[in-house]
Amino acid sequence: MVEGQIPLEELLIADSTKEAYNHSKAFAITRASMAITSIISSSLVIWLIANSKQRLSTTYHRIVIGMSIADILLSLSLATFNVVTPSDLDYIGWNAHGNQTSCNAQGFIETFGGFSGVYYSCSLNIYYLAVVHYEKTDQHIRNKIEPFLHGVPLGFGLIVAITLLVKRNLNNGGGESCIEPVYDPPHCIGYEDGDIREGFTIPCGRGRDGAVLFFDLVFFITMFIVPCVIVISLGMIYRGVRQQEKKMARYGERALMQGPQQTATAANDSNEGTPNTLLSKILRRKTKSIKQSNSRVVLQRAFAYTCSFFLTWSWWIIAVVLAFAGAEVPNAIWYLVSIFGPLQDTWNLFIFIYPKVIAAKSKGGDVTWWQAFV
């Protein structure tokens with residue numbers, strides 16, 4: 001035996017191996033349970049949109065549909081209870097009955113769904129930014145902006161998934177996901193890249209000569225640049241709403257300071273005191289008030305979706321930061337990833353149906369969430 005190689009018998013009975021196996025079981029069950037919950041939530045969002053009056057006629061609904069489909073793909077890849085993990089790793093991976101082909105399929109779906117979902121979250125905030133801050137019309141958004149709001153998430157996710165698949169950077173090193181760039185499990189310690197240890201089928205170091213730098217780059221962009229874009233866009237949305245509210249406040253102050261006598265005089269002097277002119281002024285004021293109210297609603301919804309994003313992905317971001325820093329990621333972080341990672345569309349479901357609940361309650365009566373939902 002070459003120096004540095006660990007005898008298989010020692011590896012199988014090592015305390016670290018047993019600990020890894022037990023954590024793998026807990027991670028897999030926790031994550032799959034949360035993923036199933038998310039699949040149900042995403043399906044309900046799609047069902048609600050399909051049965052609504054607007055259906056797919058609005059940009060908002062189309063973006064939410066895209067987010068839900070991406071979340072379903074991600075959750076399907078996480079709801080496998082580890083069964084697709086290569087059987088080479090059954091000594092550290094609970095319920096590992098798969099092979100490299102099943103690992104490639106799981107990794108491809110997880111990569112495509114995960115990256116698309118993250119960028120769809122970014123698209124939603126950019127859409128709100130166009131509506132509130134830049135005051136773009138529905139037609140302008142639909143024709144000029146929306147193609148990018150779908151094209152970037154789907155295109156980026158597909159390019160990343162295909163690249164990692166072709167370059168053999170979809171691997172499982174003993175965890176619960178096949179999204180590790182290099183195959184380097186414990187039984188490969190002391191073996192050269194390309195070696196296949198006796199009793200195993202997957203070559204050690206698989207993917208090291210692939211797109212490792214590309215893998216690191218897209219993870220850096222996604223986990224750091226995208227959250228910055230989401231936060232900055234939310235800040236700009238808030239600023240746009242505040243500016244609109246200040247304009248309305250100044251408009252109201254001028255009306256109060258002018259007084260009824262001055263108002264009548266100004267109307268007579270400018271020959272604008274006709275009933276039609278007064279009615280048009282009232283309508284313009286009412287339109288501005290409605291616009292202000294709608295902007296506040298958009299801000300609140302954008303803030304809610306931003307919270308949903310960070311509640312889901314913050315733990316992934318922490319894990320990526322620690323990994324890039326060369327530190328070991330604590331198991332506590334991986335448990336939080338397993339719990340919150342698949343649940344973004346569960347939070348999104350509550351955000352989506354909240355206005356419906358409020359509308360139902362405003363009509364009178366004690367309406368529960370379930371009654372408003374159905």
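Up top is the structure these notes are about.
What counts as what
- Residues numbered from 1 in each chain as written.
- Predicted model: local features only at pLDDT ≥ 70, side-chain atom pairs only at ≥ 80, totals over all residues.
- Heavy atoms only, no water.
- Core = buried A, V, L, I, M, F, W, Y, C linked by side-chain atoms within 4.5 Å.
- Buried < 20%, exposed > 50% of the residue type's maximum accessible area, 1.4 Å probe, protein only.
- Helix = DSSP H or I, 4+ residues; strand = E, 2+ residues; numbered from the N terminus.
- Contact = heavy atoms within 4.5 Å.
- Axes fitted to C-alpha atoms, helices over the stretch in contact; angles between N-to-C directions.
- Parallel < 35°, antiparallel > 145°, perpendicular 65-115°, else oblique.
- Left-handed = near helix turned anticlockwise from the far one by under 90°.
- Nonpolar A, V, L, I, M, F, W, Y, C, P; charged D, E, K, R; others polar.
- Phe/Tyr/Trp six-rings, centres within 6.5 Å; stacked < 30°, edge-to-face > 60°.
- Patch = residues over 30% accessible without salt bridge, like charges linked within 9 Å, V, L, I, M, F, W, Y side chains within 5 Å.
- Areas by Shrake-Rupley, 256 points an atom, 1.4 Å probe, with all protein chains shown as cover.
- Salt bridge = Lys/Arg side-chain N within 4 Å of Asp/Glu carboxyl O.
- Disulfide = S-S within 2.5 Å.
- Polar contact = N/O pair within 3.5 Å; in protein donor to acceptor, adjacent residues only side chain to side chain.

Caption draft 1: The nonpolar core, seen in detail. Ranked by internal contacts, the top residues of the largest apolar core, which has 29 residues, are Y60, L124, Y127, Y128, Y305 and F352. Contributing elements (two or more residues each) for this core: α2 (15-50), α3 (59-78), α4 (100-132), α5 (138-166), α6 (212-269), α7 (275-324) and α9 (344-362). Here this core takes 7 residues from α4, the largest share from any one element. Dropping the residues within four chain positions of it, Y128 is found in contact with Y60, H133, I237, V298, R301, A302 and Y305. Residues V218, W316, A319 and I333 belong to the second largest nonpolar core, which totals 26 residues.

Caption draft 2: Here's a closer look at the packing of α4 against α5. Between α4 and α5, the least distance of the axes is 8 Å, while the angle of their chain directions is 160 degrees. Comparing the axis directions of α4 and α5 gives the class roughly antiparallel. When you trace α4 past α5, the crossing you get is right-handed. Within the contact of α4 with α5, the residues separate by chemical class into 22 nonpolar, 6 polar and no charged.

Caption draft 3: View of the packing of aromatic side chains. Counted under the stated rule, the structure contains 14 aromatic pairs. Seen from their ring centres, F115 and F219 are 5.6 Å apart, and the 80 degrees between their planes marks the pair as edge-to-face. Taken together, the residues span a long stretch of sequence, with F115 in helix α4 and F219 in helix α6 at a distance of 104 residues. By relative accessible area, F115 is classed as buried at 6%. Considering the side-chain rings of Y119 and F156, the 4.7 Å spacing of their centres and the 45 degrees angle between planes classify their relative orientation as tilted. With Y119 in helix α4 and F156 in helix α5, this pair connects stretches of sequence that are 37 residues apart. Given a relative accessible area of 10%, Y119 falls into the buried group. The rings of Y60, Y127, Y128, Y305 and F352 are connected pair by pair, giving a single aromatic cluster.

Caption draft 4: Broad picture of a nonpolar patch on the surface. Nonpolar side chains collect at one region of the surface, where I126, F220, I225, V229 and F324 lie side by side and expose about 390 Å² of accessible area between them. Among the elements that make up the nonpolar patch, the one with the highest residue count is α6 (3 residues). Examined against the element boundaries, I126 turns out to sit in helix α4.

Caption draft 5: Geometry of the state of the cysteines. Summed over all chains, the structure comprises 2 disulfides. Between the sulfur of C103 and that of C178 lies a disulfide, 2.0 Å long from S to S. Here the S-S torsion is close to -120 degrees, and the disulfide linking C103 with C178 is therefore left-handed. Of this pair, C103 sits in helix α4 while C178 sits in the loop between α5 and α6, and the two are 75 residues apart along the sequence. There is no split in this pair, since C103 and C178 are both buried. Bridging C188 to C204, the disulfide has an S-S length of 2.1 Å.

Caption draft 6: Geometry of unusual backbone geometry. Backbone geometry at N82 places phi at a positive 70 degrees, although glycine is not the residue there. Relative to the helices and strands, N82 resides in the loop between α3 and α4. N82 gets classed as buried once you look at its relative accessible area, which sits at 1%.

Caption draft 7: Examining the pattern of salt bridges more closely. All chains considered together, the criterion is met by 3 salt bridges. The shortest N-O distance in the salt bridge between D209 and R168 comes to 3.8 Å. In this pair, D209 is assigned in the loop between α5 and α6 and R168 in the loop between α5 and α6, connecting sequence segments 41 residues apart. Its relative accessible area of 65% is what places D209 among the exposed residues. Taking the relative accessible area as the measure of exposure, R168 reaches 36% and is therefore partly exposed.

Caption draft 8: The arrangement of the environment of L322 in detail. Of note, L322 is situated in helix α7. With residues near it in sequence (within four places) discarded, L322 still touches A327, V329 and P330.

Caption draft 9: Expanded view of the side chain of H23. Along the chain, H23 turns up in helix α2. Here the side chain of H23 touches N331 through a polar contact of 3.2 Å, side chain to side chain. If we ignore the near neighbours within four places in the chain, the residues touching H23 are N331 and Y335.

Caption draft 10: Geometry of the packing of α2 against helix α8 (residues 331-340). Contact geometry of α2 with α8 gives a least axis separation of 8 Å together with a crossing angle of 25 degrees. Between α2 and α8, the angle is such that the two are roughly parallel. Where α2 approaches α8, its residues E19, H23, A26, F27, T30, R31 and M34 are matched on the opposing element by N331, W334, Y335, S338 and I339. Partitioning the contact of α2 with α8 into residue classes produces 6 nonpolar, 4 polar and 2 charged.

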